[in-house]
Amino acid sequence: RKEVEQDPGPFNVPEGATVAFNCTYSNSASQSFFWYRQDCRKEPKLLMSVYSSGNEDGRFTAQLNRASQYISLLIRDSKLSDSATYLCVVTSGSSASKIIFGSGTRLSIRP
Amino acid sequence: NAGVTQTPKFRVLKTGQSMTLLCAQDMNHEYMYWYRQDPGMGLRLIHYSVGEGTTAKGEVPDGYNVSRLKKQNFLLGLESAAPSQTSVYFCASSYPGLTYEQYFGPGTRLTVT
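Residues numbered from 1 in each chain as written. Chains lettered and ligands numbered in written order. Predicted model: local features only at pLDDT ≥ 70, side-chain atom pairs only at ≥ 80, totals over all residues. Heavy atoms only, no water.

A. Here's a closer look at the overall build of chain B. Each helix and strand counted, chain B has 0 helices and 11 strands in total. Helices and strands appear in chain B in the N-to-C order β-β-β-β-β-β-β-β-β-β-β. In summary, chain B has a C-alpha radius of gyration of 13 Å against a globular reference of 13 Å for 113 residues, a match within 12%. With respect to the principal axes defined by its C-alpha atoms, chain B has extents near 40 × 30 × 25 Å. By the burial criterion, 49% of the 113 residues in chain B qualify as buried. Within chain B, residue pairs in contact and separated by at least 24 positions form 55% of the contacts whose partners lie at least 6 positions apart. Carbon and sulfur atoms make up 54% of the accessible area of chain B, which totals about 5200 Å². A gap of 8 Å separates the mean positions of the 10 positive and 8 negative side-chain charges of chain B. (Helix = DSSP H or I, 4+ residues; strand = E, 2+ residues; numbered from the N terminus. Rg over C-alpha atoms; globule rule 2.2 N^0.38 Å. Buried < 20%, exposed > 50% of the residue type's maximum accessible area, 1.4 Å probe, protein only. Contact = heavy atoms within 4.5 Å. Areas by Shrake-Rupley, 256 points an atom, 1.4 Å probe, with all protein chains shown as cover. Lys, Arg positive; Asp, Glu negative; His and termini not counted. Charge placed at Lys NZ, Arg CZ, Asp CG, Glu CD.)

Next up, the structure:
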């Protein structure tokens, strides 16, 4: 079983829709959680952190469920520019080797 | 401020050839990383460095070597390329206490035939 699993998608939704996807992790000792965004044939970039209390940044909301060991990303009023692959990142410490990247969920927003 | 740069951007190698990928960062970051990204596999850590002159193995180090002679540069070497090393290689850097906030280079697309 992978340490971090994501539905690869693609999620294909119309502009203006709300879309959500999850990421599950297997290590109960995982400490910190993040979402990265990766545009097609580009490098990943940090999108937002995920806190137990939830984290909202404009149209984006990230949440953590420690009991069920998953994090989620919700995008409201989706824009064409939101089309990208979203990578879930889980850390189990501050060491450079303790960061696990998920394989990503591909999102495509259609006009 | 260029951030993280990688050279070359593309390369085709024949099996058994060698090459070095260069990563440079101008953000004065202590930590630097080399990842490979394959379809369905996510980013996998090859090697990393927590400072000038230090390197450590990541998840998939076999077939690769690295060197960090200067703080701003991190080199990834393939001594004898194999088709299984066909991948996109990303370099990244970060501050020590912020290992989750990594800044990535644009990537190198390597094909080994």
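Past the structure itself, the notes keep going.
B. Quick look at the sheet that holds strand 3 (residues 19-25) of chain A. Residue and element names in this part refer to chain A. Strand order in the open sheet formed by 5 strands is 1-3-8-7-6, and the pairing between neighbours is antiparallel. A single partner strand is all that each edge strand has here, and the edge strands are strand 1 (4-6) and strand 6 (55-57). For this sheet the average axis-to-axis angle between neighbouring strands, irrespective of direction, equals 15°. Pairing of strand 6 with strand 7 (residues 60-65), which is carried by 3 bridges, proceeds in the antiparallel orientation. Looking at strand 7, one finds that E56 is bridged to T61. (Pairing = 2+ DSSP bridges. Axes fitted to C-alpha atoms, helices over the stretch in contact; angles between N-to-C directions.)

C. The arrangement of the nonpolar core in detail. Counting residues in hydrophobic clusters, the biggest one holds 23 residues, and the most contacted among them are F21, W35, I71, L73, I75, Y86 and L107 of chain A. Counting residues per element, the ones that place at least two in this core are strand 3, strand 4 (32-38), strand 5 (44-50), strand 7, strand 8 (70-75), strand 9 (84-91) and strand 11 (105-110) of chain A. In contact with F21 of chain A, not counting residues within four places along its chain, are F11, W35, I71, S72, L73, I75, Y86, T105 and L107 of chain A. In this structure, M27, F74, L76 and L78 of chain B belong to the second largest nonpolar core, which totals 20 residues. (Core = buried A, V, L, I, M, F, W, Y, C linked by side-chain atoms within 4.5 Å.)

D. A look at the pattern of salt bridges. Enumeration over the complete set of coordinates arrives at 7 salt bridges over all chains. The partner of K79 of chain A in a salt bridge is D77 of chain A, and the shortest N-O contact between them spans 2.9 Å. Note on K79 of chain A: relative accessible area 31%, which makes it partly exposed. Note on D77 of chain A: relative accessible area 37%, which makes it partly exposed. Here D38 of chain B makes a salt bridge to R44 of chain B, at a shortest N to O gap of 2.9 Å. Through salt bridges that share partners, R36, D38 and R44 of chain B make up one connected network. (Salt bridge = Lys/Arg side-chain N within 4 Å of Asp/Glu carboxyl O.)

E. Main features of the sheet that holds strand 1 (residues 4-7) of chain B. Residue and element names in this part refer to chain B. Read across the sheet, 4 strands follow the order 1-3-8-7 without closing on themselves; strand pairing throughout is antiparallel. Of all the strands in the sheet, just strand 1 and strand 7 (64-67) have a single pairing partner and so form its edges. Adjacent strand axes in the sheet meet at a mean angle of 20° when their direction is disregarded. Two elements, strand 1 and strand 3 (residues 19-25), share 4 bridges in a ladder whose sense is antiparallel.

F. Region of the structure containing the packing of aromatic side chains. All names here are of chain A. For the coordinates displayed, the defined rule picks out 13 aromatic pairs over all chains. Taken together, a centroid distance of 5.4 Å and an interplanar angle of 65° make the contact between Y36 and F101 edge-to-face. With Y36 in strand 4 and F101 in strand 10 (residues 99-101), the pair connects residues that are 65 residues apart, well separated along the chain. Judged by its relative accessible area of 0%, Y36 falls in the buried class. Its relative accessible area of 6% is what places F101 among the buried residues. (Phe/Tyr/Trp six-rings, centres within 6.5 Å; stacked < 30°, edge-to-face > 60°.)

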